[in-house]
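Fold and contact review
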Amino acid sequence: YVKGLQADVAQVSLAQLVSHSAGLVRDGSDAGQWALRQPFLSEQALRADLASGLTLAAGERFKYSNHGYGLLGLAIEAVTGEPYNAWIAREVVAASGLTETVPDAQHLRARTPLTLGHSAKHPVGQRQALPARMSTNALSPATGFVSTAADLARFIGSLAPDAQHGLLSRASRREMLRRQWQSEHDSTGRWYGLGTIAGTLKGMAGAWDHVGHSGGFP
């Protein structure tokens, strides 16, 4: 779908990208955007990192890659003929009935109140409020959405296979939640599905399976 890719990168499947098993580099040659040391990558910069090829053979094992989700965004743009943020805002966010969710902070209304992240106290001795309205550019598909707790609960609930209404068929929802790859270096033994993290918590009352996602963002 995406033209001009390095040959091995061009052969990876969409399912491998979604499940983090395509063997792509996680964050490229410089991950400074996640610490706000530089702007988030443009499409040109993302493509430059992908030009280095695969880090591992595709389908060999689980390897988390934010660049892989950036590439998924380029594939969506190639198929739909429109920007990723515009397409997903209409076809996923609005179609799910979410009214307090946007795909990137740059799309927030100017007066929208936000909960800000804060730095550690080091090295300046006090916590600094971190900017929250930066554009994530070509990595928007990897960074997530700006939302509220209510919209988040509404969306996650729609992914349950027994939910009455959802964008995906029940069969697709089951496949999305199915455990496909285990994270080899995770002490909790978590598994990855298609864009979802799953695991089991064990306690005195028995075992409790969970599915969702985690992550950090300023």
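Residues numbered from 1 in each chain as written. Predicted model: local features only at pLDDT ≥ 70, side-chain atom pairs only at ≥ 80, totals over all residues. Heavy atoms only, no water.

1. What to know about the side chain of S140
As for its position among the elements, S140 is in helix α6 (residues 140–143). Setting aside residues no more than four positions away along its own chain, S140 makes contact with Y84, N85, P103 and D104. (Helix = DSSP H or I, 4+ residues; strand = E, 2+ residues; numbered from the N terminus. Contact = heavy atoms within 4.5 Å.)

2. Re the pattern of salt bridges
For the structure on display, the rule yields seven salt bridges. With its nearest N and O atoms 3.3 Å apart, the salt bridge here joins R26 to D27. Looking at D27, the relative accessible area reads 11%, which means it is buried. A salt bridge links E43 to R47; its shortest N-O distance comes to 3.0 Å. In this pair, E43 and R47 both sit in helix α3 (residues 43–50), four residues apart, roughly one turn of the helix. Its relative accessible area of 26% is what places R47 among the partly exposed residues. In this structure, a network of salt bridges that share partners links the residues E82, R90 and E91. (Salt bridge = Lys/Arg side-chain N within 4 Å of Asp/Glu carboxyl O. Buried < 20%, exposed > 50% of the residue type's maximum accessible area, 1.4 Å probe, protein only.)

3. Let's talk about helix α4 (residues 66–80)
In this model, α4 (15 residues) spans 21 Å end to end at C-alpha, consistent with the 21 Å of a helix rising 1.5 Å per residue. Taken together, the buried positions of α4 are occupied by N66, H67, G68, Y69, G70, L71, L72, G73, L74 and A75. Of the surrounding elements, those touching the buried residues of α4 are α1 (7–10), α2 (14–18), α3, α5 (84–93), α6 and β2 (191–192). With a side-chain oxygen positioned 3.4 Å from the backbone nitrogen of H67, the residue opening α4 is S65. Of the residues trailing α4, G81 is marked for its positive phi of about 75 degrees. (Expected span 1.5 Å × (residues − 1). Polar contact = N/O pair within 3.5 Å; in protein donor to acceptor, adjacent residues only side chain to side chain.)

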